Amino acid sequence: MINNMQEYTLTVFTEDKTGILSRVIAIITRRHFDIKSITVSPSSMEGIYRFTIMVVLEEEQVRKLTDQIEKQVDVLKAFYYDNSQIIHQEIALYKVPTEAFYDGDSVEKMIRRHNARILSIEKEYIVIEKTGHRTETEALLNDLREVGIYEFVRSGRVAIVKPMERLKNYLKSIEGQE
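Just so you know, these numbers come straight off a predicted model, no measurement behind them.

**Some remarks on unusual backbone geometry**
Here the phi dihedral of His-32 falls at roughly 60°; this positive angle occurs in a residue that is not glycine. Residue position: His-32 is located in the loop between α1 (20-30) and β2 (35-42). His-32 gets classed as exposed once you look at its relative accessible area, which sits at 74%. Although it is not a glycine, Asn-115 sits at a positive phi angle of roughly 55°. We classify Asn-115 as exposed; its relative accessible area is 63%.

**Some remarks on the nonpolar core**
Grouped together as the largest cluster of nonpolar side chains are 18 residues, with contacts concentrated most on Leu-10, Val-12, Val-24, Ile-53, Leu-65 and Ile-69. Elements with a minimum of two residues in this core: β1 (6-15), α1, β3 (48-57), α2 (59-70) and β4 (75-82). Counting 14 residues, the second largest nonpolar core, distinct from the first, contains Tyr-94, Val-107, Ala-116 and Leu-140.

Cut-offs applied
All residue numbers refer to position in the chain's written sequence, counted from 1. Residues qualify for local features only when their pLDDT is at least 70, as the model is predicted, and side-chain atom pairs are given and counted only at 80 or more; totals for whole chains, interfaces and linings, by contrast, use all residues. Side-chain numbers come from the whole structure's heavy atoms, not from hydrogens or water. Counting from the N terminus, the helices are the DSSP runs of H or I reaching at least four residues and the strands are the DSSP runs of E reaching at least two. Only protein chains enter the accessibility calculation, which uses a 1.4 Å probe; a residue whose area is less than 20% of its type maximum is buried, one above 50% is exposed, and one in between is partly exposed. For this analysis, a nonpolar core means a set of buried residues of the types Ala, Val, Leu, Ile, Met, Phe, Trp, Tyr and Cys, connected via side-chain atoms within 4.5 Å.

Right under this line is the structure:
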């Protein structure tokens with residue numbers, strides 16, 4: 001049997017109702033699927049929220065999962081996409097000791113090489129921000145471990161869909177129902 005596991009991004013549009021997040025997560029975890037990241041935010045339409053969920057599954061599994069999520073009462077629509085169909089990013093913050101910058105410009109060059117930026121300079125630490133794909137934020141983390149790091153945090157995936165027609169048609173159908 002061939003293993004066709006790959007990253008998929010689920011986009012779930014819901015009404016703003018208490019408990020919908022736990023119900024969506026339960027659908028995924030009940031099937032023993034691992035959520036790699038999840039981000040929830042308001043969508044471009046007032047009163048509608050957008051869940052962006054990254055999973056690693058086979059296409060048949062993600063198709064069935066999407067169908068199950070869509071059956072929830074407060075879920076308006078759910079879509080799934082592979083990485084070629086989306087533009088996605090994550091943001092990472094790194095807190096490093098200020099002393100790391102005392103020995104010349106090697107850390108500064110590292111930050112520039114990774115296209116990161118300094119957000120805050122404090123007496124004891126400096127906060128660095130990096131936006132990019134997970135591999136890029138991990139690469140900077142690995143380099144910063146060599147000079148010392150106090151804290152690291154990374155957001156979940158945020159994604160915009162490339163194929164507009166599916167989403168546009170769905171949003172028009174919602175507007176027509178109002």
